[in-house]
Amino acid sequence: MNIRNMTIAAAAVASIAFAGAAHARDQIQIVGSSTVFPFSTLVAEQFGKTTEFKTPVVESTGSGGGMKLFCAGIGLEHPDITNASRRIKKSEFEKCTAAGITITEVKIGYDGIVIANAKSADQFELTRQQLFLALAAQVPNEENVLVKNPYTKWSEIDPSLPDLEIEVLGPPPTSGTRDAFVELVMRKGARKFDFLNDLRGQDKKAFRAISDTMREDGRFIEAGENDNLMVQKVEANPAALAIFGFSFLEENRDKVQGSIVEGTKPTFDSIASGDYPVSRSLYFYVKNEHVGVVPGIKEYVAEFVAEKAIGPEGYAIDKGLIPLPDADREAMRENALNLAPLSM
């Protein structure tokens, strides 16, 4: 028997043993994205109030951190569901598969990533190229030679920008928001330079080493997974900006405002239409081997995908979730309720 078959066999034995330990834990455990956290918590609270099951425990660990915990194995010591503000990576899927885990993927809607500042300050109007120049570790100079980022003020990048020190609070590398920001802003901004766009075509790995590497000189500050803390920090410092999900902007519009990005404000309608350039899909993932062992998983999934939760008039929409189109939502719901296995 080769190593792969031995791993699958061991996982199958573990799964059978786990199934025999039914109801040893009677509360669903959920980890993952800080962006999905408020929606998941809302559904968990509603689920606990309206069913016979206990309210699930929801922990904000970041998308990457959640995937690591989720894919570590089958058993009561491992979480049942993980939230993510980006799609599962192939490497994560392969790790889950190697551990004998069958996954159901559930896309719940959309979210925008905002670059916010205090409502007491002037609203920023930015492009993705300007954001790349502000935040990348290396940037092109006038001769198109890469140099260590020399910019200390926004006005040095473009005279039309405020004469303020660059100070941006952002999520850590384990965050799905960070992954999405890098993909939607940093890479797009870098490609505005012809020689970097050419490099992307020749050597994608080399291009991403430039586009994806944030500066570490104190201008970009990793502020952890607590988006509420970032709101508090920019409110207290009108010169600072922060990167977080649209739902936190919605909840704190009395304190912070979103920057205009390439001429478009971050609003419910602009994200739903795709006009706002920094938007992404939100997900949660179910560990199918735990269904029927940990009570209530199928019922929790049904609550989350119900129209009353994520439909156009749903209670999660009031929290800032942008709904999927009707046909997509119906197809996703059927997939989720049937616990259809994900393949990649």
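**Observations regarding the side chain of Thr 104**
At step 1: As for its position among the elements, Thr 104 is in strand S4 (residues 103-118).
At step 2: Given the relative accessible area of 0%, Thr 104 is considered buried.
At step 3: Side-chain polar atoms of Thr 104 contact the backbone oxygen of Ala 340, separated by 3.1 Å.
At step 4: Look past the residues within four positions of Thr 104 in its chain and what remains in contact with it is Phe 284, Tyr 285, Val 286, Asn 288, Asn 335, Ala 336, Leu 339, Ala 340 and Pro 341.

**Description of the packing of aromatic side chains**
At step 1: A complete count under the given rule lists 8 aromatic pairs for this structure.
At step 2: Considering the side-chain rings of Tyr 300 and Phe 304, the 5.9 Å spacing of their centres and the 90 degrees angle between planes classify their relative orientation as edge-to-face. Residue Tyr 300 and its partner Phe 304 are located together in helix H13 (residues 297-305), separated by 4 residues, close to a single helical turn. Here the two residues Tyr 300 and Phe 304 agree in accessibility, since each one is buried.
At step 3: Through a chain of ring-to-ring contacts, three or more aromatic side chains come together here, namely Phe 47, Phe 53, Phe 284, Tyr 300 and Phe 304.
At step 4: The aromatic ring of Phe 70 is capped on one face by Lys 287, whose charged end is 4.8 Å from the ring centroid.

**Section: the packing of helix H2 (residues 37-50) against H13**
At step 1: One can describe the packing of H2 onto H13 by two numbers: an axis separation of 10 Å at closest approach and a directional angle of 120 degrees. At the point where H2 passes H13, the crossing takes the right-handed sense. The residues of H13 that touch H2, namely those facing Phe 39, Ser 40, Val 43, Ala 44, Gln 46, Phe 47 and Thr 50, are Glu 299, Tyr 300, Glu 303 and Phe 304.
At step 2: Along the lines of polarity and charge, the residues of the contact of H2 with H13 split into 6 nonpolar, 3 polar and 2 charged.

**A short note on the packing of helix H5 (residues 128-135) against helix H7 (residues 176-190)**
At step 1: The interhelical angle for the contact between H5 and H7, taken along N-to-C directions, is 95 degrees, at an axis separation of 7 Å. Classed by the angle they form, the pair H5 and H7 counts as roughly perpendicular. Counting all contacts with H5, which are made through Arg 128, Gln 129, Leu 131, Phe 132 and Leu 135, the residues of H7 involved are Phe 181, Leu 184, Val 185, Met 186, Lys 188, Gly 189 and Ala 190.
At step 2: Per-class residue counts for the contact of H5 with H7 are 8 nonpolar, 2 polar and 2 charged.

**Focus: unusual backbone geometry**
At step 1: Residues other than glycine seldom take positive phi values, yet Asn 144 does so here, at roughly 60 degrees.
At step 2: For Asn 144, the location among the structural elements is in the loop between strand S6 (138-140) and strand S7 (146-148).
At step 3: On the basis of relative accessible area, Asn 144 is assigned to the partly exposed category, the value being 42%.
At step 4: A positive phi angle, close to 50 degrees, is found at Leu 339, a residue other than glycine.

**Section: the layout of surface pockets**
At step 1: Of the volumes computed, that of the largest pocket is approximately 290 Å³.
At step 2: Lining the largest pocket are 17 residues, with Arg 86, Asp 179, Ala 180, Glu 183 and Arg 187 sitting closest to its centre.
At step 3: Among the secondary structure elements, those contributing two or more residues to the lining of the largest pocket are H7 and strand S13 (279-287).
At step 4: The biggest single contributor to the lining of the largest pocket is H7, with 7 residues.
At step 5: For the lining of the largest pocket, the per-class residue count stands at 5 nonpolar, 3 polar and 9 charged.
At step 6: In this model, the second largest pocket occupies a volume close to 160 Å³.
At step 7: In this structure, the second largest pocket is lined by Glu 183, Leu 184, Arg 187, Lys 188, Arg 191, Arg 200, Lys 204, Phe 207 and Arg 208.
At step 8: Of all the secondary structure elements, the ones that give two or more residues to the lining of the second largest pocket are H7 and helix H9 (204-211).
At step 9: When residues in the lining of the second largest pocket are grouped by element, the largest group, 4 residues, is from H7.

**Remarks on H9**
At step 1: Among all positions in H9, only Phe 207, Ile 210 and Ser 211 are buried. Buried residues in H9, looked at end-on, bunch into an arc of 90 degrees, giving them a common side.
At step 2: The secondary structure elements touched by the buried residues of H9 are H5, S6, S7, H7 and helix H8 (194-202).

**Regarding a positive patch on the surface**
At step 1: Together, Lys 188, Arg 191, Lys 192, Arg 200, Lys 204 and Arg 208 give the surface a local cluster of positive charge.
At step 2: Along the chain, Arg 191 falls in the loop between H7 and H8.
At step 3: You can call Arg 191 partly exposed: its relative accessible area is 31%.

Conventions adopted
Residues numbered from 1 in each chain as written. Predicted model: local features only at pLDDT ≥ 70, side-chain atom pairs only at ≥ 80, totals over all residues. Heavy atoms only, no water. Helix = DSSP H or I, 4+ residues; strand = E, 2+ residues; numbered from the N terminus. Buried < 20%, exposed > 50% of the residue type's maximum accessible area, 1.4 Å probe, protein only. Polar contact = N/O pair within 3.5 Å; in protein donor to acceptor, adjacent residues only side chain to side chain. Contact = heavy atoms within 4.5 Å. Phe/Tyr/Trp six-rings, centres within 6.5 Å; stacked < 30°, edge-to-face > 60°. Lys NZ or Arg CZ within 6 Å of the ring centre and 35° of its normal. Axes fitted to C-alpha atoms, helices over the stretch in contact; angles between N-to-C directions. Left-handed = near helix turned anticlockwise from the far one by under 90°. Nonpolar A, V, L, I, M, F, W, Y, C, P; charged D, E, K, R; others polar. Parallel < 35°, antiparallel > 145°, perpendicular 65-115°, else oblique. 1 Å grid on protein atoms, 1.4 Å probe; cavity = no way out; pocket = protein on both sides within 12 Å on 5 of 7 lines; lining within 4 Å. Points joined across faces, edges and corners; volume = space filled by probe spheres on them. Arc of directions from axis to C-beta. Patch = residues over 30% accessible without salt bridge, like charges linked within 9 Å, V, L, I, M, F, W, Y side chains within 5 Å. Areas by Shrake-Rupley, 256 points an atom, 1.4 Å probe, with all protein chains shown as cover. Salt bridge = Lys/Arg side-chain N within 4 Å of Asp/Glu carboxyl O. Lys, Arg positive; Asp, Glu negative; His and termini not counted. Charge placed at Lys NZ, Arg CZ, Asp CG, Glu CD.

So, to be careful, I would describe these as geometric facts and stop short of saying anything about function.
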